[in-house]
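# Notes for the structure review
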Protein chains: 2
Amino acid sequence: MSVSFRDIQQAAERIKPYIHHTPVLTNESLNRQVGVQVFLKCENLQKVGAFKFRGACNAVYSLSDEEAAHGVCTHSSGNHAQALALAAKMRGIPAYIVMPSNAPLVKKNAVAGYGGQITFCEPTLEARESTLDRVRLDTGANVVHPYNDERVIAGQGTAVLELLEDVPDLDVIIAPVGGGGLLSGTSIAATETKKGIRVIAGEPEMADDAFRSVKAGKIIPSTNPKSMADGLLSSLGQINFPIIQDRVEQIVTVSETGITEAMKFIWERAKIIIEPSAAVAVGVLWEKKIDLSGLKVGVILSGGNVDLEKLPWQP
Amino acid sequence: MSVSFRDIQQAAERIKPYIHHTPVLTNESLNRQVGVQVFLKCENLQKVGAFKFRGACNAVYSLSDEEAAHGVCTHSSGNHAQALALAAKMRGIPAYIVMPSNAPLVKKNAVAGYGGQITFCEPTLEARESTLDRVRLDTGANVVHPYNDERVIAGQGTAVLELLEDVPDLDVIIAPVGGGGLLSGTSIAATETKKGIRVIAGEPEMADDAFRSVKAGKIIPSTNPKSMADGLLSSLGQINFPIIQDRVEQIVTVSETGITEAMKFIWERAKIIIEPSAAVAVGVLWEKKIDLSGLKVGVILSGGNVDLEKLPWQP
């Protein structure tokens, strides 16, 4: 079972009352700098500061009342944890979040602030999975994976539906890729909405497992990646990978310097806060490794959650 | 001669092709924090990163072709200089900008980047005025004052027209006050669009000349103000003051700590970059010196031009 265009359209209807229809910004200095006409889809201005709220919301509101009564659960220390906690809170159901005990305090507080019930575990994948399993058995909660989940993929695809509604004549869409939830949903929604549109992914050079997976024709796990783009360190999901193989034109890798420069340029010129993972998508244009000159390019700015005390361009 | 509502409506028509209709953002954590329903009018996302572009654009496009051929001129080292340079560039006419020789390099570069022709002078008001006079006589350029100018006031008033078009049922509008260009335009546009709407100004405690002027019933010049809100250090203009006396309910002063806290909260939660002068308007709500609880409040975020290497919450 995969995800259909109809699933994404239904997701859009379902989550509409709960999400922000985020603005699309343009910036002439950016256009001049990269030589294309850029349309920034500002999912950093989405609730919880990331597109992740779309997928979480779609999963939560897809449940029957009976299922929902048991709540939802996941393991995550990132934006997905906050997104699921808020979506559950809005529906009035519990969210059980498994987090590694060494997760930053700011992330624990954010999840707790949205009403998520946290269970801490050892910081290993095995511990996270076995702890999540126990939570699920204890509570009967519905597991919502951050990206390897059809409901989540359909939800993430709604961002580009909005973008193409606001700017129908785009030639290219660029999205970042980590586990592949945003990219797979985006690629279905974009190519089904507009025949011939090109979908390109940005990935950190220092965490280029998706790039290598597509080359190899099979999922190559991400091992010990070092990029500052901490939202893009996961391995591709089993559901996400074939969709990406099928619908994404290419994956372009971006250096850490490119990520920092693109991030700072967007802050300085567009006056919005984007996180390094979002800057990776801009970085594809910034580093000019592919020629898109003169085209109309939609870029999905995936999120804006950054520690303001510690910025990548500061010593 | 003052500014009529009709002038503002005409300005809106005139500048529409050149400006951004900026988005209005809402943020639930901000609402909870300050106890009112806030609508952020994002003029930090305006061209050149500030509302100043509206007034400059209206002045430039108000000129006849014959007048325009001689160009425009002003003395300013702030957002107005960039705004006037860009508006003139768009019309294809010269902009002559008088700047003090000690203006920060980043500001000189920004004006030059928009094609402004800079004349440097000693950093005194006398030198700036006499230099501007000479430039005007040499070139025949039309002087566009940053705020004490009817065309500029009418242009600045268009931001709140857009805001009330997007969110018609606001109870209160808050804008920052420096020279009074934004506040006077805003107060005319708001009170003429919606009878009974309350217009409140935010001003730094450390640069509270407008607050004292209204109390005294006459303009009290700003002397050596020390606030970090560097866009709000000017004295009120002769044209602006009576409009403010007539239409603004009250001026609320905001501490430097309040400015920093409000600024950081907006960056962290709303994911947009605002400058200290914009944070002053948020600071009115943040410091809760007046009771607006439960009301719908529009806040004009005046600009987003900040040195990213040096943030007020960093040591």
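Residues numbered from 1 in each chain as written. Chains lettered and ligands numbered in written order. Predicted model: local features only at pLDDT ≥ 70, side-chain atom pairs only at ≥ 80, totals over all residues. Heavy atoms only, no water.

## A short note on the overall build of chain A
Per the secondary structure count, chain A includes 14 helices and 10 strands. What you see for chain A is a C-alpha radius of gyration of 18 Å, in line with the 20 Å of a compact globule of 315 residues. Taken along its principal axes, the extent of the C-alpha atoms in chain A is 55 × 45 × 40 Å. Within chain A, buried positions represent 59% of all 315 residues. Considering only intrachain contacts with a sequence separation of at least 6, the fraction spanning at least 24 residues in chain A is 72%. Accessible area of chain A: about 12200 Å², with a carbon and sulfur share of 49%. Charge separation in chain A, taken as the distance between the mean sites of 31 positive and 35 negative side-chain charges, equals 2 Å. (Helix = DSSP H or I, 4+ residues; strand = E, 2+ residues; numbered from the N terminus. Rg over C-alpha atoms; globule rule 2.2 N^0.38 Å. Buried < 20%, exposed > 50% of the residue type's maximum accessible area, 1.4 Å probe, protein only. Contact = heavy atoms within 4.5 Å. Areas by Shrake-Rupley, 256 points an atom, 1.4 Å probe, with all protein chains shown as cover. Lys, Arg positive; Asp, Glu negative; His and termini not counted. Charge placed at Lys NZ, Arg CZ, Asp CG, Glu CD.)

## A few points about the nonpolar core
Residues A:Trp267 and B:Trp267 are the most contacted members of the largest nonpolar core, which totals 83 residues. Apart from the residues within four sequence positions on either side, B:Trp267 is in contact with A:Trp267, A:Ile273, A:Leu308, B:Ile272, B:Ile273, B:Ile274, B:Val306, B:Leu308, B:Leu311 and B:Trp313. (Core = buried A, V, L, I, M, F, W, Y, C linked by side-chain atoms within 4.5 Å.)

## Things to note about helix H13 (residues 256-270) of chain A
Here H13(A) is 15 residues long and its end C-alpha atoms lie 21 Å apart, about the 21 Å a rise of 1.5 Å per residue gives. Taken across its 15 residues, H13(A) has 11 buried, putting it largely inside the fold. Those residues of H13(A) lying buried are A:Glu256, A:Gly258, A:Ile259, A:Thr260, A:Ala262, A:Met263, A:Lys264, A:Phe265, A:Ile266, A:Trp267 and A:Ala270. On the buried face of H13(A), the contacting elements are helix H2 (28-34), strand S2 (37-42), strand S8 (198-204), strand S9 (250-254) and helix H14 (276-286) of chain A together with helix H13 (256-270) of chain B. Positioned one or two residues after H13(A), A:Lys271 has a phi angle of 65°, which is positive. (Expected span 1.5 Å × (residues − 1).)

## Description of the interface of chain A and chain B
On the chain B side, the residues contacting the 23 residues of chain A number 23 residues. Counting each side, the surface lost to burial between chain A and chain B is near 2000 Å², with a carbon and sulfur contribution of 54%. When residues of chain A are sorted by the area they lose upon contact with chain B, A:Lys271, A:Ile273 and A:Leu308 head the list and together hold 32% of the total. The interface formed by chain A and chain B holds four salt bridges in total. Residue A:Glu309 is joined to B:Lys264 by a salt bridge in which the shortest nitrogen-to-oxygen separation is 2.4 Å. Counting across the chain A and chain B interface gives 15 residue pairs in polar contact (both at pLDDT 80 or more). Element by element, the count of residues in the side of chain A that touches chain B is highest for H13(A), at four residues. Residue composition of the side of chain A that touches chain B, grouped by class: 10 nonpolar, seven polar and six charged. (Buried area = accessible area lost by both parts, 1.4 Å probe. Salt bridge = Lys/Arg side-chain N within 4 Å of Asp/Glu carboxyl O. Polar contact = N/O pair within 3.5 Å; in protein donor to acceptor, adjacent residues only side chain to side chain. Nonpolar A, V, L, I, M, F, W, Y, C, P; charged D, E, K, R; others polar.)

## So, the domain arrangement of chain A
Many analyses report the size of an interface as the accessible area lost when the parts associate. All names here are of chain A. As far as domains go, chain A holds domain 1 (5-50 + 151-301) and domain 2 (53-149). With 33 residues of domain 1 at the contact, the number on the domain 2 side is 24 residues. For the domain 1 and domain 2 pair, buried surface summed over both sides reaches about 2200 Å², with 54% attributable to carbon and sulfur atoms. The largest share of the area that domain 1 buries against domain 2 comes from Val-48, Arg-151 and Val-152, three residues that together contribute 37% of it. (Domains from an automatic or database assignment.)

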